[in-house]
Amino acid sequence: MQNGVIYGIDIAKGSARAQEAPRYAVAVLRDGEISHYTMVRLHRILRMLNKDRPDYIAVDNIFELAPNKKGLIRFLEKLPDNTRLVQVTGGIHQKPLLRLAKEHGLSINQFDPVQEAEACAILASLGVGEEVSLFEDITRIKVSRARSLGRGGWSQNRYRRKVHGAVKEKSREIESILRKFSRDTGYRYTEHITEGFGGYVRSEFTVKARRDRVPVKPSSNADVQVTVKSVERDKIQYLPLKKAGRKYTIVGIDPGTTVGIAILSLDGELLLSESIRGISHDEVVRMISEYGKPAIVATDVYPTPSAVEKIRRSFNAVIWSPGGEIRAEEKIALARTFGYSNDHERDSLTAALATYKSYKNVFSRVEKRTPKYLNTDSIKFHVINGDSIEEAIEKVASESKIQVLVKPEPEPAKEELTETDELVKKLREELRQKNAQIKQLKDYVSELKYEAGQKDKNIEKLEMRINKTKNSIYKQVKREREIQIRDNEINRLNKELAKSRKNLKNQRRQNKRLKQIRKKEVKGEGMPVKVISAFTKEAIQHTRELYGIKENDVVFLKDPSGGGPVTASLLSESKVKAVLISEDMPHAALEAFYDNEIPVLKDVRVHRVGDLASVDPDMLDESIKKWKEKAEERLREKEQEQFQSILEEYRSERRRGLV
């Protein structure tokens with residue numbers, strides 16, 4: 001794996017093109033250990049990068065970091081020296097991250113940004129991807145004034161000479177550094193100077209080297225500033241990384257709660273023997289990947305456990321199993337050479353060693369026949385996957401673009417073949433073809449099972465997403481319904497509040513008038529009058545319950561036309577002082593009031609306030625006095641009428657008697 005620090009970054013929320021700043025998932029690969037950070041903004045990532053100064057920043061799409069080329073340039077200018085941006089999915093022609101991860105034995109969830117960031121870091125450490133180059137191997141250094149000279153005064157020339165002299169001095173210092181740099185490394189440079197009063201206005205140096213190689217750093221002081229920038233490319237260029245060589249290995253697995261792992265090289269060297277309790281599948285795959293690419297994944301039991309088959313699919317390796325039970329004595333004898341701490345390490349070592357033992361003769365033949373300039377492990381890998389030694393050598397040679405002459409395998413002495421030998425040879429060839437066909441079909445079935453499993457997982461994820469969406473919609477509808485109910489209640493309460501405010505306003509107005517009436521009453525300027533809305537039993541009873549009607553009260557009938565003697569008796573029984581009216585009252589009721597000596601006054605001015613009113617006491621007394629005089633006159637007239645009636649009746653009887 002690549003030494004140093006590698007940052008894997010994947011966008012977790014938002015977009016580089018959105019107005020709101022996106023958030024990222026970050027995986028930091030350091031000394032084989034991975035640290036994760038979630039929902040990190042770009043400015044914090046830049047602080048982390050300047051602190052750790054990693055070798056690579058690995059992403060699956062560079063435009064997740066910036067919306068366009070200009071934004072990428074600004075981002076790269078903020079990176080530490082020697083930190084390179086890598087797009088692991090390739091350059092112009094990209095491959096999906098999920099496929100790349102599968103090809104290199106990594107299992108990731110494409111919907112989890114943390115796992116994708118981790119995959120980017122691991123793939124970059126394996127040399128997968130292409131470096132993103134936005135700058136030419138040219139660096140421009142500009143030395144200029146740190147501030148404007150201004151309009152100046154008496155000392156302007158002296159100040160200009162001082163600043164221009166400082167620019168010249170700094171330029172000569174940088175020129176001396178670049179001269180030595182060019183002499184030591186062979187990188188050439190050119191310079192362009194603009195002279196001024198007492199020195200240089202500015203100077204520019206163009207160095208034919210990358211910025212991180214140039215030994216000049218940006219700086220600034222009161223008079224002079226130095227800027228160092230790389231020259232931008234017209235188009236983004238992708239430079240392939242040198243892929244780190246990975247050894248092929250034989251991996252023995254003992255699955256279970258405690259997983260035993262043994263890893264051998266194809267030369268039989270033990271690379272790892274360990275047992276770990278509670279380790280996940282992805283962690284097993286990651287640990288195995290650190291020691292190379294598994295050519296064979298082996299187990300010591302038959303049939304092959306599903307956990308071992310799953311690991312084999314992760315690396316697309318060949319499976320090996322003993323075809324039967326291996327006795328404990330044989331396991332101990334095989335594993336004793338390397339030593340082990342427990343049964344899990346013993347069983348995984350047994351699986352790996354038994355596999356190496358079964359291939360040892362084939363490996364020996366490969367080593368004898370392989371040319372010195374070809375990779376023996378690569379040829380062994382192709383042989384393990386079903387190629388003949390000649391075919392494997394031709395493949396490796398074509399991959400290395402080398403023409404080789406394959407050493408012929410020594411042939412046995414020719415003997416006359418009997419018919420039986422011919423038949424055996426033919427049957428063996430058919431058996432070999434059948435075995436190859438069976439192997440292909442098994443691999444195809446395994447791929448189909450894997451794809452079916454992946455589809456089942458996708459279906460499960462989609463169903464979970466549908467259920468989540470349904471729940472979200474249901475919650476939203478329920479929330480909207482509750483909001484509607486609350487809005488209706490708020491509207492109702494607002495109406496009640498408005499009504500209450502209106503009543504309060506009327507009540508305050510009425511209280512104000514009552515106070516005025518009370519003041520007049522206290523001063524002797526007004527007498528309270530109780531208002532009855534109508535001349536009915538119900539209205540009189542309502543006023544009696546609300547305000548009370550007692551002796552010597554003055555009442556005002558708003559509508560005196562509805563009642564008769566019975567209704568008048570209700571007020572007569574209360575012995576009111578007077579009844580005020582504004583319209584004519586029925587004659588029968590009026591007679592009833594006369595009979596009970598209760599004044600009924602029509603032309604008295606009343607000052608009303610709702611159900612209460614006031615009247616001038618002097619005017620009231622005057623009106624009552626007039627009414628009493630009129631009542632006495634009426635009484636006299638009535639008595640006279642009665643006397644006249646009696647007299648007429650007497651005369652009538654006398655006439656009847658005389659006759």
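Please read these numbers as outputs of a predicted model, since none were measured by experiment.

## A short note on the overall build of the protein
Within the protein one finds 16 helices and 21 strands. In the protein, buried positions account for 37% of the 659 residues. Of the contacts made within the protein by residues no fewer than 6 positions apart, 63% connect residues no fewer than 24 positions apart.

## Digging into helix 15 (residues 587–595)
Residues of helix 15 that are buried include every one of A589, E591, A592, F593 and Y594, and no others. Downstream of helix 15 by a residue or two, E597 has a phi angle that is positive, lying close to 60 degrees.

## What to know about the pairing of strand 16 (residues 527–532)
With 5 of 6 residues buried, strand 16 is to be regarded as a mostly interior element. As judged from the 4 bridges shared by strand 16 and strand 17 (residues 554–557), these two strands associate in the parallel manner. Directly across from K530, in strand 17, lies its bridge partner V555. Once you follow strand 16 into helix 13 (residues 537–546) and on to strand 17, the crossover reads as right-handed.

## Section: the packing of helix 13 against helix 14 (residues 565–573)
Relative orientation and spacing of two packed helices are given, respectively, by the angle between their axes and the distance between those axes. Contact geometry of helix 13 with helix 14 gives a least axis separation of 10 Å together with a crossing angle of 15 degrees. Between helix 13 and helix 14, the interaxial angle falls into the category roughly parallel. The two elements helix 13 and helix 14 cross, and the hand of that crossing is left-handed. In this structure, helix 13 uses K537, I540 and R544 to contact helix 14, whose residues at the interface are V566, T567, L570 and L571. Looking at side-chain class alone, the contact of helix 13 with helix 14 contains 4 nonpolar, 1 polar and 2 charged residues.

## Some thoughts on the environment of S15
The residue S15 is located in the loop between strand 1 (5–13) and strand 2 (23–30) in this model. For S15, a relative accessible area of 29% translates into the label partly exposed. For S15 and P67, which are 52 residues apart along the polypeptide, the C-alpha to C-alpha distance reads 8.4 Å. Not counting residues up to four positions away in its chain, the partners in contact with S15 are E20 and P22.

## Some thoughts on the packing of aromatic side chains
Scanning the model with the defined rule gives 6 aromatic pairs in all. With a centroid separation of 4.3 Å and 20 degrees between ring planes, the pair formed by Y248 and F381 is classed as stacked. Of this pair, Y248 sits in strand 11 (residues 248–254) while F381 sits in helix 10 (residues 376–384); the two residues are 133 residues apart in sequence, bridging distant segments of the chain. Taking the relative accessible area as the measure of exposure, F381 reaches 14% and is therefore buried. Clustering of aromatic rings is evident, with ring pairs tying together Y356, Y359 and F363. Sitting above the plane of the F363 ring, K380 keeps its charged end 5.0 Å from the centroid.

## Here's the deal with the confidence of the model for the protein
When pLDDT is averaged along the protein, the result is 83; 90% of the residues meet or exceed 70. Every residue in residues 400–417 is under pLDDT 50, and counting partners more than four places away or in other chains gives 19 contacts.

## A short note on the packing of helix 8 (residues 328–335) against helix 9 (residues 343–369)
Between helix 8 and helix 9, the shortest axis-to-axis distance is 9 Å and the interhelical angle comes to 75 degrees. Classified by the interaxial angle, the pair formed by helix 8 and helix 9 is roughly perpendicular. In this structure, helix 8 uses K331, I332, L334 and A335 to contact helix 9, whose residues at the interface are R346, D347, L349, T350, L353 and A354. Here the residues of the contact of helix 8 with helix 9 sort into 6 nonpolar, 1 polar and 3 charged.

## Quick notes on the sheet that holds strand 11
Judged by pairing direction, the sheet is mixed, and its 5 strands sit side by side in the order 13-12-11-14-15 without closing on themselves. Because the sheet does not close on itself, it has two edges, and the strands there are strand 13 (270–277) and strand 15 (318–320). Taking each pair of neighbouring strands and ignoring which way they run, the sheet shows an average axis angle of 25 degrees. By the bridge criterion, 6 bridges tie strand 11 to strand 12 (residues 258–265) in an arrangement that is antiparallel. Among the inter-strand pairings, I253 is bridged to a residue of strand 12, identified as I261. Of the strands in this sheet, strand 11, strand 12, strand 13 and strand 14 (293–298) are in contact with helix 6 (residues 281–289), which crosses strand 12 at around 20 degrees. Packing of helix 10 onto the sheet brings it into contact with strand 11, strand 14 and strand 15, and relative to strand 14 it is tilted by some 40 degrees.

Cut-offs applied
- Residues take numbers from 1 onward in each chain, read along the sequence in its written order.
- Reporting in this predicted model follows two pLDDT cut-offs: at least 70 for local features of residues, and 80 or more for side-chain atom pairs to be given and counted; totals over whole chains, interfaces and linings ignore these cut-offs and use all residues.
- Derived side-chain values reflect all non-hydrogen atoms in the structure, with water molecules and hydrogen atoms excluded from consideration.
- Numbering of helices and strands runs from the N terminus, with a helix taken as a DSSP run of H or I at least four residues long and a strand as a DSSP run of E at least two residues long.
- Burial classes: relative accessible area under 20% of the type maximum marks a residue as buried, over 50% as exposed, and values in between as partly exposed (1.4 Å probe, protein chains only).
- We call two residues in contact whenever any of their non-hydrogen atoms come within 4.5 Å of each other.
- Strands are treated as partners if at least two bridges between them are detected by DSSP.
- Look down the strands so they point away from you; if the path from the first strand over the helix to the second goes clockwise, the crossover is right-handed.
- Angular values range over 0 to 180 degrees, each being the angle between N-to-C directions of two axes fitted as lines to C-alpha atoms, with helices fitted over their stretch in contact.
- Here the word oblique covers every angle except those under 35 degrees (roughly parallel), over 145 (roughly antiparallel) and from 65 to 115 (roughly perpendicular).
- Each helix crossing is assigned a hand: it is left-handed if the near helix lies turned anticlockwise from the far helix by less than a right angle, otherwise right-handed if that turn is clockwise.
- Each residue is assigned to one class: nonpolar for Ala, Val, Leu, Ile, Met, Phe, Trp, Tyr, Cys and Pro, charged for Asp, Glu, Lys and Arg, and polar for all the others, Gly among them.
- Classification of ring pairs uses Phe, Tyr and Trp, with its six-membered ring standing for Trp, and accepts pairs whose centres are within 6.5 Å; under 30 degrees between planes counts as stacked, over 60 as edge-to-face, and the remaining range as tilted.
- Two limits define a charge over a ring: the Lys NZ or Arg CZ must be within 6 Å of the ring centre, and within 35 degrees of the ring normal.
- A score between 0 and 100, pLDDT records how confident the predictor is in each residue.

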